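Given next are the chains, with one letter for each unit.
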Amino acid sequence: MTGDEKTWLLAQRAQRCVDRLSKHRFDAHYLETAEEVAERVRPFLEEATTVGFGGSDTVRSLGLHTLAEEMGKELFDHHRPGLTYDETLAIRKGQQGCDLFFTSANALSETGEIVNMDGIGNRTSAMGFGPSRVVVVAGYNKVASDLHAALRRIREVAGPLRAKSLGVDTPCAITGVCSDCNAPMRICNITTILHRKPMLTEVTVLVVGESLGY
Ligand code: SF4
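Residues numbered from 1 in each chain as written. Predicted model: local features only at pLDDT ≥ 70, side-chain atom pairs only at ≥ 80, totals over all residues. Heavy atoms only, no water.

S.K.: Describe in detail the site of the ligand, supporting the description with residues and values.
M.R.: In the vicinity of the ligand, the contacting residues are Thr170, Cys172, Cys178, Ser179, Asp180, Cys181, Arg186, Ile187 and Cys188. Classifying every residue of the shell around the ligand by side-chain character gives five nonpolar, two polar and two charged. (Near = heavy atom within 4 Å. Nonpolar A, V, L, I, M, F, W, Y, C, P; charged D, E, K, R; others polar.)

Encoded structure:
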């Protein structure tokens with residue numbers, strides 16, 4: 001199989017995911033390139049005063065923090081360097097009531113579910129209720145065939161890689177294998193599944209035809 005064929009296959013899966021997410025009342029779109037994300041979310045930023053960011057390498061790599069800052073928005077970004085514990089705690093709480101919340105997904109399913117895991121829960125909580133609009137940006141590498149495969153993806157891929165990137169003291173950060181640990185720094189204490197659009201939250205899902213994050 002050539003690279004082109006692999007790209008085609010992933011794009012087909014992503015399209016099926018978008019179609020099914022749309023049926024589940026999510027505002028879902030397929031974008032061919034990551035460059036299109038900023039323009040797509042600009043209208044949401046223009047409407048917002050406060051903007052929260054869940055921990056996400058994907059969102060950070062797209063420059064959305066910088067764009068929000070340049071547009072004069074109040075940011076709730078707990079990954080800013082130099083913050084104290086109390087400051088990060090206040091920011092995580094602030095994310096729960098912001099106008100616009102950006103995050104990625106640990107997995108999407110072709111059957112139309114959005115699956116995430118958290119160690120603390122600020123991101124998973126904000127996705128379901130609180131912000132007026134949530135924007136989920138995910139590369140097509142995050143699309144699994146069904147809900148079962150999406151949950152497995154988190155245990156086998158997203159969890160160990162996230163733990164490794166954060167440098168936390170968990171078994172998977174050493175072995176690359178999830179052992180359903182009891183480590184104090186376990187990063188997957190909470191798993192949320194958005195089966196359908198939450199009643200009081202607008203959720204936009206942008207599935208990008210590129211590999212983003214893990
Ligand atoms: S349960 Fe523990 S070992 Fe498994 S992915 Fe989460 S942090 Fe890693």
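Now that the structure has been shown, the text picks up again.
S.K.: A description of the sheet that holds strand S10 (residues 202-208) should follow, citing residues and the corresponding values.
M.R.: Pairing is parallel across the open sheet formed by six strands, whose spatial order is S1-S10-S7-S4-S2-S3. With partners counted over all chains shown, the strands left at the sheet margins are strand S1 (27-31) and strand S3 (74-77), one partner each. Mean inter-strand twist for the sheet, computed between neighbouring axes without regard to direction, equals 15°. Pairing of strand S4 (residues 100-103) with strand S7 (residues 133-139) involves four bridges; the strand directions are parallel. Its bridge partner lying in S7, Phe101 is registered against Val134. Contacting S1 and S10, helix H1 (residues 3-23) runs over the sheet at an angle of about 165° to S1. (Pairing = 2+ DSSP bridges. Helix = DSSP H or I, 4+ residues; strand = E, 2+ residues; numbered from the N terminus. Axes fitted to C-alpha atoms, helices over the stretch in contact; angles between N-to-C directions. Contact = heavy atoms within 4.5 Å.)

S.K.: Tell me about the nonpolar core, and name the residues and values.
M.R.: Grouped together as the largest cluster of nonpolar side chains are 26 residues, with contacts concentrated most on Leu108, Ile114, Val205 and Val207. Taken together, the elements giving at least two residues each to this core come down to H1, S1, helix H6 (122-128), S7 and S10. The leading source of residues in this core is H1, at five residues. (Core = buried A, V, L, I, M, F, W, Y, C linked by side-chain atoms within 4.5 Å. Buried < 20%, exposed > 50% of the residue type's maximum accessible area, 1.4 Å probe, protein only.)

S.K.: Which residues make up the sheet that holds strand S9 (residues 190-194), and what are the values?
M.R.: One open sheet holds the four strands; their spatial order is S8-S5-S6-S9, and the pairing between them is mixed. The sheet is open, and its two borders are formed by strand S8 (143-144) and S9, each paired with just one other strand. When strand S5 (residues 107-109) meets S8, the two strands line up parallel, connected through two bridges. Bridged to Leu108 within S8 is Val143. Each of S5, strand S6 (114-118), S8 and S9 touches helix H7 (residues 147-166); the most contacted strand, S6, lies at about 35° to it.

S.K.: Account for the environment of Thr49, naming residues and giving values.
M.R.: Position of Thr49 relative to the elements: it lies in the loop between helix H2 (36-47) and strand S2 (50-53). Between the C-alpha atom of Thr49 and that of Gly112, which follows or precedes it by 63 residues, the distance is 30 Å.

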